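Here's the letter readout for the chains.
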Amino acid sequence: MTDCIFCKIIKGEIHSTHVYRDEQVTAIRDINPAAPTHILILPNRHIDSVNMLTNEDEQLIGHLFTTAKQLAALEGIADGGYRLIMNTGADAGQTIFHVHLHLLGGAPM
Ligand code: 5GP
Ligand code: ZN
């Protein structure tokens with residue numbers, strides 16, 4: 001999607017602090033962190049929201065979570081605990097319509 005900010009970040013057209021990348025996902029630090037660790041894990045392929053997922057995306061969505069788990073360990077927050085959030089739609093506060101998993105931790109919430 002040409003006008004999607006996360007697609008532009010994934011393509012390197014907009015700067016972001018990248019923490020992880022593989023064939024399926026890219027992880028970046030949130031520009032406006034809500035916790036000491038606030039990472040966004042994005043599928044490299046554009047998907048608007050959870051509402052647009054299909055059965056073929058199940059492995060990809062699982063990979064978002066296992067990536068979050070690994071990044072939580074690297075950030076040193078795995079034992080303390082962390083929150084994984086995926087906002088869907090306007091009422092949930094989704095502001096960027098490219099699926100992303102928030103990884104939040106590093107302080108009690
Ligand atoms: P949502 O509200 O859609 O679940 O979350 C979007 C998140 O993206 C917000 O936490 C916001 O701070 C973050 N964000 C918005 N624009 C940018 C950007 O250009 N770069 C980065 N790294 N994060 C962004
Ligand atoms: Zn996108």
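Owing to the predicted nature of the structure, the values given are computational and were not obtained by experimental measurement.

(A) Layout of the sheet that holds strand β3 (residues 37-43). Here 5 strands make up an open sheet; going across it, the order is β1-β2-β3-β5-β4 and the pairing antiparallel. Pairing within the sheet leaves two strands with one partner each, and these edge strands are β1 (18-21) and β4 (82-85). Pairwise comparison of adjacent strand axes, ignoring direction, gives a mean angle of 20° for this sheet. Its contacts with the sheet put helix α2 (residues 58-75) on β1, β2 (25-29), β3, β4 and β5 (101-105), and the angle it makes with β3 is roughly 155°.

(B) Quick look at the coordination of the zinc ion (ligand 2). Coordination of the zinc ion (ligand 2) by the protein involves C4 (SG), C7 (SG), H46 (ND1) and H98 (ND1), with metal-donor separations of 2.0 to 2.3 Å. Seen from the zinc ion (ligand 2), its 4 donor atoms lie at angles of 105 to 116°, and the figure they make is tetrahedral. Residue class for C7 comes out buried when judged on its relative accessible area of 8%. Owing to a relative accessible area of 0%, H98 belongs among the buried residues under this scheme.

(C) View of the site of ligand 1. Taken together, 17 residues form the shell around ligand 1, and within it R29, D30, G93, T95 and H102 come nearest. D30 has a polar side-chain atom sitting 2.5 Å from an oxygen atom of ligand 1. Backbone polar atom of G93 to an oxygen atom of ligand 1: 2.8 Å apart, as the coordinates give it. Expressed as a share of its isolated accessible area of 520 Å², the protein-covered part of ligand 1 is 83%. Counting only elements with at least two residues in the shell around ligand 1, the list comes to α1 (5-11) and β2. For the shell around ligand 1, the element with the highest residue contribution is α1, accounting for 3 residues. Per-class residue counts for the shell around ligand 1 are 7 nonpolar, 8 polar and 2 charged.

(D) Structural detail: the side chain of S49. Counting through the fold element by element, S49 comes out in the loop between β3 and α2. A polar contact of 3.0 Å, which involves the side chain of S49, links it to the backbone nitrogen of N51. Aside from chain neighbours lying at most four places away, what touches S49 is T88, Q94 and V99.

(E) Local environment of the pairing of β1. As paired strands, β1 and β2 are joined by 3 bridges and run antiparallel to one another. Within β2, the position partnered with H18 by the bridge is I28.

(F) How the structure looks around the pattern of salt bridges. Within the structure shown, the criterion is met by 3 salt bridges. Residues D57 and R45 are paired through a salt bridge, measuring 2.7 Å at the closest nitrogen-oxygen approach. With D57 in the loop between β3 and α2 and R45 in the loop between β3 and α2, the pair connects residues that are 12 residues apart, well separated along the chain.

(G) The nonpolar core, seen in detail. I39, I41, L64, L71 and L103 are the most contacted members of the largest nonpolar core, which has 15 residues in total. Secondary structure elements with two or more residues in this core: β2, β3, α2 and β5. For this core, the element with the highest residue contribution is α2, accounting for 6 residues. In this structure I39 touches V19, A27, I28, R29, L71, E75, L101, H102 and L103, once residues within four positions along its chain are discounted. In terms of nonpolar packing, the next biggest core, distinct from the first, is built from 8 residues, I9, I10, I28 and L40 among them.

Conventions we followed
Residues numbered from 1 in each chain as written. Chains lettered and ligands numbered in written order. Predicted model: local features only at pLDDT ≥ 70, side-chain atom pairs only at ≥ 80, totals over all residues. Heavy atoms only, no water. Pairing = 2+ DSSP bridges. Helix = DSSP H or I, 4+ residues; strand = E, 2+ residues; numbered from the N terminus. Axes fitted to C-alpha atoms, helices over the stretch in contact; angles between N-to-C directions. Contact = heavy atoms within 4.5 Å. Donors = N, O, S within 2.8 Å, 3.2 Å for Na, K, Ca; no water. Tetrahedral: all angles 85-135°; square planar, octahedral: opposite > 155°, others 65-115°. Buried < 20%, exposed > 50% of the residue type's maximum accessible area, 1.4 Å probe, protein only. Near = heavy atom within 4 Å. Polar contact = N/O pair within 3.5 Å; in protein donor to acceptor, adjacent residues only side chain to side chain. Areas by Shrake-Rupley, 256 points an atom, 1.4 Å probe, with all protein chains shown as cover. Nonpolar A, V, L, I, M, F, W, Y, C, P; charged D, E, K, R; others polar. Salt bridge = Lys/Arg side-chain N within 4 Å of Asp/Glu carboxyl O. Core = buried A, V, L, I, M, F, W, Y, C linked by side-chain atoms within 4.5 Å.

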